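This is what each chain is made of:
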Amino acid sequence: MEEFNLTILFASVIATATPILLATLGETISEKSGIINLSLDGTLLLCAMTGFVISYETNSLILGFAGAAVVGAVISSIVGVFSIYLNQSQVAVGFVLTLMARDLAYFIGNPYSRIQGPQVAHMPIPFLEDIPFLGSVFFNHNFTVYFSMLMIFACWWYIYKTPYGLKLRAVGEHPGAAFSRAINPRKSQMLYVIAGGLIIGIAGATFSLSTKAGWGRPQGAEGTGWIALALVIFGGWNPIKAAVGAYLFAFLQTMGIHFQSWFPSVPAQVFNMAPFPLMIFTLLIINFFQRESIILLAKDKPLLKTILRKLDNTAPTSLGKPYKPDEY
Amino acid sequence: GDKAEKKANKDEYKFGLIMVGPHNDHGWSQAHYEGGEYVEKHIPGTKMIYIDKVNPADRPGVTIPQIVDDMVEKGAKFIIANSDDMSDGTLEAAKQHPDVSFIHISGDHALTGKAPKNLGNLMGKMEYGKMMAGYTAALTSKTGKIGFLGPLLNDETRRLASAAYLGAKYAWEEVLKKDPKDLKFEVIWIGFWFNIPGVTADPTQVTQNFYNKGCDVVISGIDTTEATIVADQERKKGKKVWAVPYDYKGACKGTASSCLGVPYFNWGPSYVKNIKAAMAGNLKSEWVWAGPDWKDINNEDTSAVGFEAGAALSAENKKQLDQFIVELGSGKLNLFKGPLNYQDGSVFLKKGEVASDKQIWYMKQLLKGMIGQSSTK
Amino acid sequence: MTIIKEENTTISLLKDISLTALFVFIFTTLIITISGAPPFEAYENIIRGAFGSYSKFGQVIKVWIPLTLCSCGLLYTFKINLWNIGIEGQMIMGAVFGMAAFKYIPGTCPAALTILIAFIAGLTGGAIWALFAGFLKTFGGVNEIFAGLGMNFVAQSIILWLIFGPWKREGIASMSGTEQLSEPLWLSTFTKMRISPTAIVLTVASILITAFILKYTKVGLGLKAIGSNMQSAFMYKLKPTSYMLLAMIFAGGFAGLAGTMQVTGVYHRLIPTISSNYGYLALFVVMLANYNVWAAPLVALFFACLNVGSIQLPMVLQIDSSLSGVIQGALVLATLGVQSFKTMKKKRREYNNSNGRV
Amino acid sequence: MWIELKSIHKHYGNVRANNGVSFKVNEGSIHAVIGENGAGKSTLMKVLSGYTSRTSGEILVDGEPVYFKSPEDATKIGIGMLYQDPMDFPQLTVLENFMLGQIKGFRNSEKKFKEKLKKYTDELEFDLSPNAQLKTLTIGERQQLEIIRLLSLGAKVIILDEPTTGISVEQKDKLFAALKRLVKEGKSVILVSHKIEDVEILCDKITVLKQGCVTGEMEKPFDLEKALMMMFETESKTPVRSKIVPGKKHIEMKNVSVSGGRTGLHNCDVTVRRNEIIGLAGLEGSGQGVFLRCATGLLKPYSGSVSLNGKNMTGKNILSYQKENTVFLPTNRLEEGLIPGLTIKEHYSLRQKSRSLFVDGAKASSDSKENISKYNIKGDPRTLVESLSGGNQQRLLLSFIPDDAELLLLENPTRGLDIGSANWVWELLQDFSKDNNSTIIFTSPEIDEILMIADRVLVFFDGKIIKDVKTDDTNLDEIGSAIAGKV
Ligand SMILES: Nc1ncnc2c1ncn2[C@@H]1O[C@H](COP(=O)(O)OP(=O)(O)OP(=O)(O)O)[C@@H](O)[C@H]1O
Ligand SMILES: Nc1ncnc2c1ncn2[C@@H]1O[C@H](COP(=O)(O)OP(=O)(O)OP(=O)(O)O)[C@@H](O)[C@H]1O
Ligand SMILES: [Mg+2]
Ligand SMILES: [Mg+2]
């Protein structure tokens, strides 16, 4: 019965990847400015809940998405304020928030669980959807999917092609030096953490209003945040590579169901774990290739050098390190 | 005022309901919850205490004996545990509280003799409901590909999946007279009664996968409503697909366009019977398998299981279904009748042999002709 | 002079605690009100749910045990400045190893001995799992947070695979777990509270051992030294790598012990969610206890009360029990906030003072 | 544009980095600010460039008082700074580094800036490729880029903080040529330096800082001896050098290259014999620190070999070196030697040799009391080390030298000690060396101290040993010019 329809397979990969892709992009922006927003997993859930509840109560999807985005921004701004202005460990605060936001979502969302609510409507793009193969894979979805695909390029363009993006990268690399160049590192870090939070919020609402429509405990979005965090690393803090990671993950996940019939002894959910060993492996590689001896070895070997450059997934230099202005 | 209230409380007969899922899951647990409400309505002076989401994912660290202790402290004299998952815990708690009556739903301690005197078992004969589900699915299906969204693997789930298959097979071969080879009935197990992210396979994705593979009807065997929600979404995309949810009479609500109908449990009457017996002090440790009231399977005061036809079921097929129900009820038609083989080819029922209750209850494999895992080897 | 200073710190500690509590109280009251439930009744129910009867308090102790064990483990890693987020996975692997012992030790072996071996196995399992993360950190340069997080998910997959695969019940594949242990392999319990004296003794011993090691041995001092300034370690012939691995072994060992305890003392089988999030919660506990060995069990007790008491919320008030998690999170967050404000104030004061002297 | 500083104070907690500094910088001149390490030069410049806010005092630009909240404000007025610690972005490209701080808005104006960059590089005869990643450039090239960037921002006063550390002689010449050209155009330059030679070639006026205060000013022509006096207060110390007969080979380095520090260490070939006392001279960060860390096993060479007492130690870790009775005392006491957060007693507990698992509290107490009195440390066993004064931290560190030490590697051992204490320390060390037949290798920023104590001097420049000479065969001038790269 396993006849494969590649069109359908890829289309469903694109569709399922949407929220995780958005979350990955949001986190990438935040981390690009140097702040690890570890609250991702809980924030996604809280935003999924907010999005659903608001849309349900107001019957407006737009308000739902907007509300979720605001909540995402609020949570990430807590991470921001604590780590940027109050000198607390980003990790500690993010971690506390991730558990707390999750519980808050369950608590507040309790009365809304398992009820039918509004959903984002299917919206094939006229003409484009008729292109063979590509049309069904890319242009036969709902708005959130198009939005997420757009966001990949928007983020990439913003980060690498605009002056603002240059400043963003500068802050993540060396906030002190950025300060000497007319950039206020604290303000921009705050700004980008919040911007990331907005996108994460939309990712959350995408879960409850489209990908896994509805609210409940569990919603189904649980754990996605951690995966997104892994994907940011896997993608080397580059939106396009991160997107590739997200799609790869969605592919693995979709395939997981087929794997059940191919490898009956392995439970399907084991395949959900794939990003984590990949993340650890990526980090090992990053570190390995930054070793002095390796760099020296590659010095006059152009091939090895290019490989190294391709694998070079260096994190923003000041990622996770608090920036302290030179005074108090 | 306070004292009077307390006094009134004292006269109340409290019974506790422990549910595995949310009490508003539009599925298994909600059916129980409404059964409890039915008791409150029909036996004056009874009061339900309930706790839902009792499973290790939702309430980590919480055990059945612990909850029972608490309910007994709150005055419960009768406890219903509604999941197969609670089997060990209920047994443990029943031994700890010999003066409280227990009903473990879907279990078999009373059948195997493990149960103490105060513990009984209750289940509905859902295999009939599932036959109807399979029957409508096959009648409606254009492609002949039917997906069964299975929960975890055990005797009960194998029994229900097989029953659905038998219903579908009957419709396909005997009613539609189509080629048996064209009927493809596949089961995928997610690992639990409902989705636990990261632990079970995701039912939303499994359902989508069914539809992507060309199935046009998905029969849900799990406690929650993902199948109908996905079916509805696919319909909005223009796909002609249907779903059959499970457990709860109101499960079709909101997804009318895709819902063919729902086989459901009606726990109220059985609860009333048991609690009344317990109040009178003559509840026995019995293993009860309550069937439908064939006169009217949807009679809420008499029938333990029913099938509520959905809006997406065509009038013509609905008529066929009614006919099918009549035949089942009259005993003219028995789908658990040989020759039937297990999936691995071994004989389940010899030609002409009719399965006993016990044979059906302890279903060791899926049936030949079904696609999917039979057991985890 | 020192005495005055100490008095001051006690008073200011009390001030901080009440300020934190006030924040959290206002916040949770607000949240409960938003959810439409009466806040004070909710609080009352939580308290009653934790202390209302022997069996309820026994339940609190049952939660307190793994929470405290994990906290003990985390004290070592925090001491050396490692964020052992992998504690959750370490607890899972402890449970898996413990269960393996129960499964494969023949029934002819005396129950007490089997249980002892299971505990040792669990401890080893947790420690091995922690060592993986430790090696990734020390030799692979992978941040312990990401290493630990990754290992958690891997552990989760392993336990799922076992429960759905090789260790499944006869004919059944359900996340509800493996076959139950035979009753002699359960930790025996006091009847009324249903808590196991063995478990309590082990936990109290763990606290005392941890306090002793951290306070009076070179290991404790070494952990503290490296945690405070790794760069100077060579002056004292301390090997940061070895100490980090040692801290991980301790953390994993205690977590593994907690995992086995859940198997033999609480669930009597292996379930996928055997760790019950206690590892993560223990991170909260230790942060809130300000990394103090004596405060940690108290905070753990408080958290256990919240966890157990909150089950009353759905039963009595029909609101979700996750309120306890919200309160716990808010507490830690508020504590961090109050701390920051204090250091900022102190710095400002110093700054002003030094200005004044110009 | 001329600038006047009036009574500038900058305090970091207890530290008074600048303690009332006043002087004036004329238009179209090159003004030098010199002083020893920690004199407060960088702090003052950061105040002037708006990077750091001042505690008190006034800055006048063309007679108008100004207040800078950030470097941006200073740039607007026309003050730009090249920082001592590189303030650029190694991961970004040359062009991106150039653009940062100049660009605004959404428009991608790479082309415009590429042209601008080219204009300036041509003008100053620099050679920078816009698309190269900055981390592939040398320190000198990175400085060139910074200077260009400042000019492009319209800087009229350019502050250079130690620009000549770590760059080659050609690059230095290029830099100086460029600076002279700029001054001709009417711009002013403030040059912060250790190197009196550089200052002599380039500058019109010198201000000397010491301990946060101005201790002297001087106009061309300079009396360098006097300037050095103002910097270091070289009072004559009692010469205590004792004649020692070198013994067997103690430590030997063959063609060793190590990375680390500002410059790393390149192709180092040295043999040190037992009983020798060797002084390492050189500007801070010229490779001496790396040499010591390599000799004690803290840094591992990527090429070459190290042997101790004839044993090959290449690639071994510090513990193996310690087994060979090597002791290293670093100069960053609180970062690399002591452990903030621990008390004096805990430090002695940590150093206990016994194999016992338990801390011997009584012994630690008596150890600390004994050493506190022997080394004259102002504190008690319960004092946290970070609250000791710098000098006392140094004494504590010195007290850690074990009795059986054979090879003492001391980085700036008298840093922060007054002269009396310094002499006392040297007496102690020399006695120790005599009694134990041990070798001492030490660094010092003060040539005098080296000439006074050491039997042999190694001069480091840009990560290389450029001079290796017996003290008897050399003099202050020779070493001084070697330090500046002239052999
Ligand atoms: N951010 C800071 N916080 C605390 N103290 C500081 C800070 N920056 C500098 N100091 C202290 O101020 C003093 C002056 O330092 P500064 O960097 O200005 O010296 P310098 O003259 O530039 O020395 P060098 O020649 O080594 O560069 C030193 O004692 C230093 O420790
Ligand atoms: N962080 C601190 N906490 C408490 N006390 C401190 C701290 N730093 C310095 N002190 C105290 O302040 C006083 C002055 O310290 P400082 O380091 O300025 O001394 P100093 O004059 O430089 O002495 P030395 O010549 O030994 O370096 C000392 O008594 C020291 O104990
Ligand atoms: Mg300086
Ligand atoms: Mg000092």
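All figures in this text were calculated on a predicted structure; none of them were measured in a lab.

Novice: Looking at this structure, how should I read the interface of chain C and chain B?
Specialist: In many analyses, interface size is given as the accessible surface area lost on bringing the parts together. Of the residues lining the interface, 36 residues belong to chain C; the matching set on chain B comes to 32 residues. At the boundary of chain C with chain B, total buried surface from both sides reaches about 2,900 Å², with 51% on carbon and sulfur atoms. Along the contact surface separating chain C from chain B lie four salt bridges. Our enumeration of links across chain C and chain B arrives at ten residue pairs in polar contact (both at pLDDT 80 or more). Mapped onto the side of chain C that touches chain B, the elements with two or more residues apiece are α3 (54–79), α6 (144–164), α9 (240–267) and α12 (312–317) of chain C. It is α12 of chain C that contributes the most residues to the side of chain C that touches chain B, four residues altogether.

Novice: Help me understand a nonpolar patch on the surface, please; the structure alone is not making it clear to me.
Specialist: Residues and elements named next belong to chain A. Taken together, the side chains of Leu6, Phe10, Leu128, Ile131, Phe133 and Leu134 present a nonpolar region at the surface, about 480 Å² in accessible area. Position of Leu134 among the secondary structure elements: in helix α5 (residues 134–138). By relative accessible area, which is 40% here, Leu134 ends up partly exposed.

Novice: Looking at this structure, how should I read the packing of aromatic side chains?
Specialist: How two aromatic rings sit relative to each other is given by the distance of their centres and the angle of their planes. As enumerated under the stated definition, the model contains 52 aromatic pairs over all chains in all. Ring geometry for Tyr170 of chain B and Phe324 of chain B: centres 5.6 Å apart, planes at 35 degrees, overall tilted. Of this pair, Tyr170 of chain B sits in helix α7 (residues 155–175) while Phe324 of chain B sits in helix α11 (residues 315–330), and the two are 154 residues apart along the sequence. With respect to burial, Tyr170 of chain B and Phe324 of chain B carry one shared label: buried. Arranged with centres 6.2 Å apart and planes meeting at 65 degrees, the rings of Tyr104 of chain C and Trp167 of chain C form a pair that is edge-to-face. With Tyr104 of chain C in helix α4 (residues 87–104) and Trp167 of chain C in the loop between α6 and α7 (197–216), this pair connects stretches of sequence that are 63 residues apart. Taking relative accessible area as the criterion, Tyr104 of chain C reaches 57% and is therefore assigned exposed. Put simply, the rings of Phe95 of chain A together with Phe78, Trp83, Tyr280, Phe284 and Tyr291 of chain C touch in pairs and so form one group of aromatic residues. Against the face of Tyr246 of chain B rests Lys130 of chain B, its NZ or CZ located 3.6 Å from the ring centre. One residue, Lys24 of chain D, lies across the ring of Trp2 of chain D, its end atom 4.8 Å from the ring centre.

Novice: Sorry, what's going on with the site of ligand 2 here?
Specialist: All names here are of chain D. Inspection of the region around ligand 2 gives Asn14, Glu386, Ser387, Ser389, Gly390, Gly391, Asn392 and Gly416 as its neighbouring residues. Within the backbone of Glu386, an N or O atom sits 3.5 Å from a nitrogen atom of ligand 2. The protein chains hide 38% of the 640 Å² of surface that ligand 2 would expose on its own.

Novice: Please clarify how the interface of chain C and chain A should be interpreted in this entry.
Specialist: Contacts between the two partners involve 46 residues from chain C, matched on the other side by 37 residues from chain A. Between chain C and chain A, a total of about 4,000 Å² is buried, with carbon and sulfur atoms accounting for 78% of that surface. Where chain C packs against chain A, one counts zero salt bridges. Here chain C and chain A share five residue pairs in polar contact (both at pLDDT 80 or more) between them. Of all the elements in the fold, those that place two or more residues in the side of chain C that touches chain A are α1 (2–34), α6, α10 (278–288) and α13 (323–356) of chain C.

Novice: Whenever I open this one, the site of ligand 1 confuses me. Can you help?
Specialist: Inspection of the region around ligand 1 gives 15 residues, with Gly38, Gly40, Lys41, Ser42 and Thr43 of chain D positioned closest. Surrounding ligand 1 are residues belonging to chains A and D, so the site spans chains. Ala39 of chain D places a polar main-chain atom, nitrogen or oxygen, 3.1 Å from an oxygen atom of ligand 1. Gly40 of chain D is positioned such that a nitrogen or oxygen atom in its backbone is 2.8 Å from an oxygen atom of ligand 1. Put simply, the parts of the chain that give the shell around ligand 1 at least two residues each are β2 (15–25) and α1 (41–48) of chain D. The leading source of residues in the shell around ligand 1 is α1 of chain D, at three residues. Of the residues assigned to the shell around ligand 1, the class counts are four nonpolar, seven polar and four charged.

Rules of the game
- Residues numbered from 1 in each chain as written.
- Chains lettered and ligands numbered in written order.
- Predicted model: local features only at pLDDT ≥ 70, side-chain atom pairs only at ≥ 80, totals over all residues.
- Heavy atoms only, no water.
- Contact = heavy atoms within 4.5 Å.
- Buried area = accessible area lost by both parts, 1.4 Å probe.
- Salt bridge = Lys/Arg side-chain N within 4 Å of Asp/Glu carboxyl O.
- Polar contact = N/O pair within 3.5 Å; in protein donor to acceptor, adjacent residues only side chain to side chain.
- Helix = DSSP H or I, 4+ residues; strand = E, 2+ residues; numbered from the N terminus.
- Patch = residues over 30% accessible without salt bridge, like charges linked within 9 Å, V, L, I, M, F, W, Y side chains within 5 Å.
- Areas by Shrake-Rupley, 256 points an atom, 1.4 Å probe, with all protein chains shown as cover.
- Buried < 20%, exposed > 50% of the residue type's maximum accessible area, 1.4 Å probe, protein only.
- Phe/Tyr/Trp six-rings, centres within 6.5 Å; stacked < 30°, edge-to-face > 60°.
- Lys NZ or Arg CZ within 6 Å of the ring centre and 35° of its normal.
- Near = heavy atom within 4 Å.
- Nonpolar A, V, L, I, M, F, W, Y, C, P; charged D, E, K, R; others polar.

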